[in-house]
Amino acid sequence: MSSDGTQQGGTGDGTAEGRTVRVVLVDDHRMFRTGVQAEIGETGRTGVEVVGEAADVDQAITVITATRPEVVLLDVHLPGGGGVEVLRRSAAMMTDAERPVRFLALSVSDAAEDVIGVIRGGARGYVTKTITGTDLVNAVFRVADGDAVFSPRLAGFVLDAFASTDAPPIDEDLDRLTQREREVLRLIARGYAYKEIAKQLFISVKTVESHVSAVLRKLQLSNRHELTRWAAARRLV
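Report on the accompanying structure. (Residues numbered from 1 in each chain as written. Predicted model: local features only at pLDDT ≥ 70, side-chain atom pairs only at ≥ 80, totals over all residues. Heavy atoms only, no water.)

1. Details of the environment of Glu70
- Examined against the element boundaries, Glu70 turns out to sit in the loop between α3 (57-67) and β4 (71-74).
- Taking relative accessible area as the criterion, Glu70 reaches 28% and is therefore assigned partly exposed.
- Sequence separation of Glu70 and Arg22 is 48 residues, and the distance between their C-alpha atoms is 5.4 Å.
- With sequence-adjacent residues up to four places away left out, Glu70 is seen in contact with Arg19, Thr20, Val21, Arg22, Pro100, Val101 and Arg102. (Helix = DSSP H or I, 4+ residues; strand = E, 2+ residues; numbered from the N terminus. Buried < 20%, exposed > 50% of the residue type's maximum accessible area, 1.4 Å probe, protein only. Contact = heavy atoms within 4.5 Å.)

See below:
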């Protein structure tokens, strides 16, 4: 267990002296990619070499195919279909016996359906964006070695999901929402103000309002109080 409680597979001690792991960053927020690059991309210090970046699904597939990194740090919510779509389109590269590309989800979301979705899609782990730079470097090396890495609470989601062979029921109402709309829905249900949501998701207040309106329309709800009850009934809060 790491300093922030991250549950990790394997028995290694993280980075190996003289070894470099090639990484691609996939996240639709440029400032976040810049921050991760600054935090872990100093190869001489961390052993991580950032060989490419992408902001949406199509860019991700292009960059991953061209660079064939050992590890992709993948956001769950991306324009063009989300992290699950990147995983689907990368299936052949993930199963390449000689040069497998492995994925580690790095997301602001800690929702069970997001965690389970990317793990079912083939990701080797899932950590939230609260992780420290040191622990993220360690996670990258472990995933490169084929280990599984999860934040503690998220590991519980995966264990619970795979303890049963029954697939989780499909919620047709929830499926009408985009990944970003689900994210906004969850934060609204937790009592966040529009300004707080905008700050956390790196979007404008106007965009938050647009997402909320779309959610209310799609779910045929009248206000945020009904939305909160709807989310609580489905244990999305």
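2. Re the environment of Leu219
- Structurally, Leu219 is set in helix α12 (residues 205-219).
- Classification of Leu219 as buried rests on a relative accessible area of 10%.
- For the pair Leu219 and Leu177, spaced 42 residues apart in sequence, the C-alpha separation works out to 8.7 Å.
- Setting aside residues up to four positions removed in sequence, Leu219 forms contacts with Asp173, Leu177 and Trp230.

3. Digging into the side chain of His211
- One can find His211 in helix α12.
- According to the relative accessible area criterion, His211 is buried, its value standing at 17%.
- Discounting chain neighbours no more than four positions away, the residues touching His211 are Arg180, Glu181, Val184 and Ile203.

4. A look at the pattern of salt bridges
- What the rule picks out here adds up to 13 salt bridges.
- The shortest N-O distance in the salt bridge between Asp145 and Arg19 comes to 2.8 Å. Separated by 126 residues along the polypeptide, Asp145 in the loop between α7 (133-144) and β7 (149-150) and Arg19 in the loop between β1 (7-8) and β2 (21-26) bring together distant segments of the chain.
- Residue Asp145 is classed as partly exposed on the basis of its relative accessible area of 46%.
- The class for Arg19 is partly exposed, based on a relative accessible area of 25%.
- A single salt-bridge network, built from bridges that share partners, covers Asp27, Asp75 and Lys129. (Salt bridge = Lys/Arg side-chain N within 4 Å of Asp/Glu carboxyl O.)

5. Describing the packing of helix α11 (residues 194-201) against α12
- Viewed as axis vectors pointing N to C, α11 and α12 meet at an angle of 105°, and their least axial separation amounts to 8 Å. In terms of orientation, α11 and α12 fall into the roughly perpendicular class. Judged by residue contacts, Tyr194, Lys195, Ile197 and Ala198 of α11 engage Val205, Val208, Glu209 and Val212 from α12.
- Its residues assigned to classes, the contact of α11 with α12 shows six nonpolar, no polar and two charged. (Axes fitted to C-alpha atoms, helices over the stretch in contact; angles between N-to-C directions. Parallel < 35°, antiparallel > 145°, perpendicular 65-115°, else oblique. Nonpolar A, V, L, I, M, F, W, Y, C, P; charged D, E, K, R; others polar.)

6. Regarding the packing of aromatic side chains
- Inspection of the entire model under this criterion finds zero aromatic pairs.
- For Lys129, the ring lying beneath its charged end belongs to Phe32, and the centroid distance is 4.0 Å. (Phe/Tyr/Trp six-rings, centres within 6.5 Å; stacked < 30°, edge-to-face > 60°. Lys NZ or Arg CZ within 6 Å of the ring centre and 35° of its normal.)

7. Digging into unusual backbone geometry
- Although it is not a glycine, Arg68 adopts a positive phi angle of roughly 45°.
- Structurally, the position occupied by Arg68 is in the loop between α3 and β4.
- Here the phi dihedral of Gln220 falls at roughly 60°; this positive angle occurs in a residue that is not glycine.
- Locating Gln220 in the fold gives a position in the loop between α12 and α13 (224-233).
- Judged by its relative accessible area of 72%, Gln220 falls in the exposed class.

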